[in-house]
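Given next are the chains, with one letter for each unit.
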Amino acid sequence: GPDHPAVAETLLNLGALANYRGKDLDGAEPLERALAILEKDDGGDPVQLANALNSMATIHQMRGDNRRAREAVERSVAVYRQHAPCESGPARRPD
């Protein structure tokens, strides 16, 4: 159906294609639709959600909406921190 995670992946690819073609703002609509699907999918891929948020932050920044860009980046970082594996353990300050 239209809210299946595979649809979100296709929409993310459309956004990436727009970026590749130098038409980043054209990727906004598919990215927004993909985000809506990914945010509803509780069992979905959190890293994919974080990547989509990061891409949306770039679009907000290009539009001059720095507040929304920052919010998207902060949400992306929160998802990465919560779900991305960290092989080296917690961050440590060098002595």
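Residues numbered from 1 in each chain as written. Predicted model: local features only at pLDDT ≥ 70, side-chain atom pairs only at ≥ 80, totals over all residues. Heavy atoms only, no water.

Visitor: Describe in detail helix H3 (residues 46–62), supporting the description with residues and values.
Guide: Its 17 residues give H3 an end-to-end C-alpha distance of 25 Å, which sits within 8% of 24 Å, the value for a rise of 1.5 Å per residue. For H3, every residue scored as buried is listed here: Gln48, Leu49, Ala50, Ala52, Leu53, Met56, Ala57, Ile59 and His60. Two to three positions downstream of the cap, the backbone nitrogen of Val47 sits 3.0 Å from a side-chain oxygen, assigning the N-cap of H3 to Asp45. Following H3 by one or two positions, Gly64 has its phi on the positive side, about 85°. (Helix = DSSP H or I, 4+ residues; strand = E, 2+ residues; numbered from the N terminus. Expected span 1.5 Å × (residues − 1). Buried < 20%, exposed > 50% of the residue type's maximum accessible area, 1.4 Å probe, protein only. Polar contact = N/O pair within 3.5 Å; in protein donor to acceptor, adjacent residues only side chain to side chain.)

Visitor: How would you sum up a nonpolar patch on the surface? Please name residues and give values.
Guide: On the surface, Leu14, Leu17 and Tyr20 cluster together to form a nonpolar patch covering roughly 370 Å² of accessible area. The residue Tyr20 is located in helix H1 (residues 5–20) in this model. (Patch = residues over 30% accessible without salt bridge, like charges linked within 9 Å, V, L, I, M, F, W, Y side chains within 5 Å. Areas by Shrake-Rupley, 256 points an atom, 1.4 Å probe, with all protein chains shown as cover. Salt bridge = Lys/Arg side-chain N within 4 Å of Asp/Glu carboxyl O.)

Visitor: How would you explain the pattern of salt bridges if you had to name every residue and give the values?
Guide: Following the criterion strictly, the structure yields five salt bridges and no others. Measuring nitrogen to oxygen at the nearest pair gives 2.8 Å for the salt bridge that ties Arg67 to Glu71. Taken together, the residues span about one helical turn, with Arg67 and Glu71 both in helix H4 (residues 66–83) at a distance of four residues. On the accessibility criterion, Glu71 (37% relative accessible area) is partly exposed. The partner of Glu74 in a salt bridge is Arg70, and the shortest N-O contact between them spans 2.8 Å. With Glu74 and Arg70 both in helix H4 and four residues apart, the pair spans about one turn of that helix. Relative accessible area serves as the criterion here: at 58%, Arg70 is assigned to the exposed category.

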